Amino acid sequence: MSILIKGGHVIDPANKIDAVMDILIEGNKISKIAKDIQIKAETIIDAKNKIVAPGLIDMHVHLREPGREDKETVATATVAAAKGGVTTVLAMPNTQPAMDCIESIELLQKIIKKDAKINVLICGTITKGRLGKELSDINALKKADAYAISDDGCSVDSDELMSEAFKNAKQSGLLTICHSEDKTLSGKGVINLGFNSTRLGLRGISNESEYKRIKRDIELAEKNGAAVHIAHVSCQESVEAIAKAKKKGIKVTCETAPHYFALTEDALLGYDTNMKMNPPLRSKEDLLAIKQGLKDGTIDVIASDHAPHTENEKDIEFERAEFGVVGLETELSVAITELLEKKVLTWPELIEKFCLNPAEILGLDTGRLTKDAPADVIIISDQQSWVVDKKGLVSKSKNCAFLGYSLKGMIDYTICNGKVVYQR
Ligand SMILES: [Zn+2]
Ligand SMILES: [Zn+2]
């Protein structure tokens, strides 16, 4: 099987390519990148006036399987991912059962082998059952091929236990991903603490509940010489704390999600539960700080935090509705619309956040268009606009924050391991 992608504008920050080139794929590998390749391939794709880039690596995705197949499955999520140009996801471990032991991981690996359309990597838990009481056998998770550990959805409250987790993670060579939230501060809050929470009569979640816990997580990681990745950074003080730690040489990386640079708490004025996520949409100042953090390199990665929920869990009173939004199908387009069009990032910088940086953080050989690397390639019509519509979403759940929004950039092809897994 060979595919020749002709005449596209290839963007690959890993190899400093930002030019019109051809790409030849043979089997599951990239075999050549050059100007005007003359060869008889089985499939020829004309990519003239289109962007060609590595497939996206989304390191924060909730697949919901096993346990909540009514929300999403490996099959439906990976179809949605392919449609969004994502060729690798890191699956968060808050499934039922949680990914806290070899048996659970093996169960999910079997489902992935059977149903996944793209690469699915598994994140194990920090603590058993994500209860924050007893550490998982982190070495065993590593042996079972987990790529990181996280109790996402929860933060480990005990400093002692978290310190021990970093120590074990370092010994096993695993990355720790922190959902940094001090529950004693965020409590029963449902939206950002501020003028809007008072006006709407809803309980607020302070910036402090996030940045205070981020500072603690960084401090414990540093003490143990371990790497730490901070999930879903949403506010100004968090960006500042991470910038400061990076300057000190601490091994910290972080991600934000598209809703934090595209939307503010004002989107909540109509009590739309599709705008309810944790951390919550913040203020205009926070949004600007997130954009600045992306621009200056403090924020390494853009990830969706794809969190599908059924209509029964979202179309109810605001306070009772679940936290979280789907994002696999819209993340690249939101980034093109908000970051490229508004000149916050250039194409190579954007591809770094979606491809190269997550690859380096997770130690993957994808996220780049290098000869002999796995052929994960996407072709994008970057000038094509579309309106996000519930019916058009292929994810099993439709709790999208961007319904009705006009976005720029559509995926034409997603190629994963040398196979076309999506074609518009
Ligand atoms: Zn989280
Ligand atoms: Zn999450």
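Fair warning: this is a prediction, and the values are worked out from it, not measured in the lab. (Residues numbered from 1 in each chain as written. Chains lettered and ligands numbered in written order. Predicted model: local features only at pLDDT ≥ 70, side-chain atom pairs only at ≥ 80, totals over all residues. Heavy atoms only, no water.)

On to the coordination of the zinc ion (ligand 2), then. In this structure, H60 (NE2), H62 (NE2), D152 (OD) and D305 (OD) serve as the protein donors to the zinc ion (ligand 2), at separations of 2.1 to 2.3 Å. One way to put it: the four donor atoms around the zinc ion (ligand 2) meet at angles of 82 to 166 degrees, and that makes the site irregular. Between the donor residues of the zinc ion (ligand 2), the gaps in sequence give the motif H-x1-H-x89-D-x152-D. Distance-wise, the zinc ion (ligand 1) is placed 3.6 Å from the zinc ion (ligand 2), both being coordinated by D152. Owing to a relative accessible area of 1%, H60 belongs among the buried residues under this scheme. (Donors = N, O, S within 2.8 Å, 3.2 Å for Na, K, Ca; no water. Tetrahedral: all angles 85-135°; square planar, octahedral: opposite > 155°, others 65-115°. Buried < 20%, exposed > 50% of the residue type's maximum accessible area, 1.4 Å probe, protein only.)

Counting 98 residues, the largest nonpolar core has I230, L332, L339, W347 and L350 as the members making the most contacts within it. It is helix α12 (residues 331-340) that provides the largest number of residues to this core, a total of six residues. Contacts of L339, omitting those with residues within four sequence positions, involve F261, K291, L294, I302, V334, V344, L345 and L350. Counting residues in hydrophobic clusters, the runner-up holds 17 residues, among them I23, A47, V52 and Y413. (Core = buried A, V, L, I, M, F, W, Y, C linked by side-chain atoms within 4.5 Å. Helix = DSSP H or I, 4+ residues; strand = E, 2+ residues; numbered from the N terminus. Contact = heavy atoms within 4.5 Å.)

Those protein atoms acting as donors to the zinc ion (ligand 1) are D152 (OD), H179 (ND1) and H232 (NE2), and they sit at 2.0 to 2.1 Å. Spacing between the donor residues of the zinc ion (ligand 1) along the chain follows D-x26-H-x52-H. H179 sits in the buried class, given a relative accessible area of 5%.

On to the side chain of S395. Looking at the secondary structure, you find S395 in the loop between β16 (377-387) and β17 (406-416). Among the polar contacts listed, one links the side chain of S395 to the side chain of E72, at a separation of 2.6 Å. For S395, the residues in contact, after removing those within four places along its chain, are E72, A80, H306, V326 and E329. (Polar contact = N/O pair within 3.5 Å; in protein donor to acceptor, adjacent residues only side chain to side chain.)

With that out of the way, let us pick up helix α7 (residues 207-223). Helix length check: α7, at 17 residues, gives a terminal C-alpha distance of 25 Å against a target of 24 Å (1.5 Å per residue), a fit within 8%. Along α7, the residues classified as buried are N207, S209, E210, Y211, R213, I214, R216, D217, I218, L220 and A221. One or two steps after α7, the chain reaches G225, where phi turns positive at roughly 60 degrees. (Expected span 1.5 Å × (residues − 1).)

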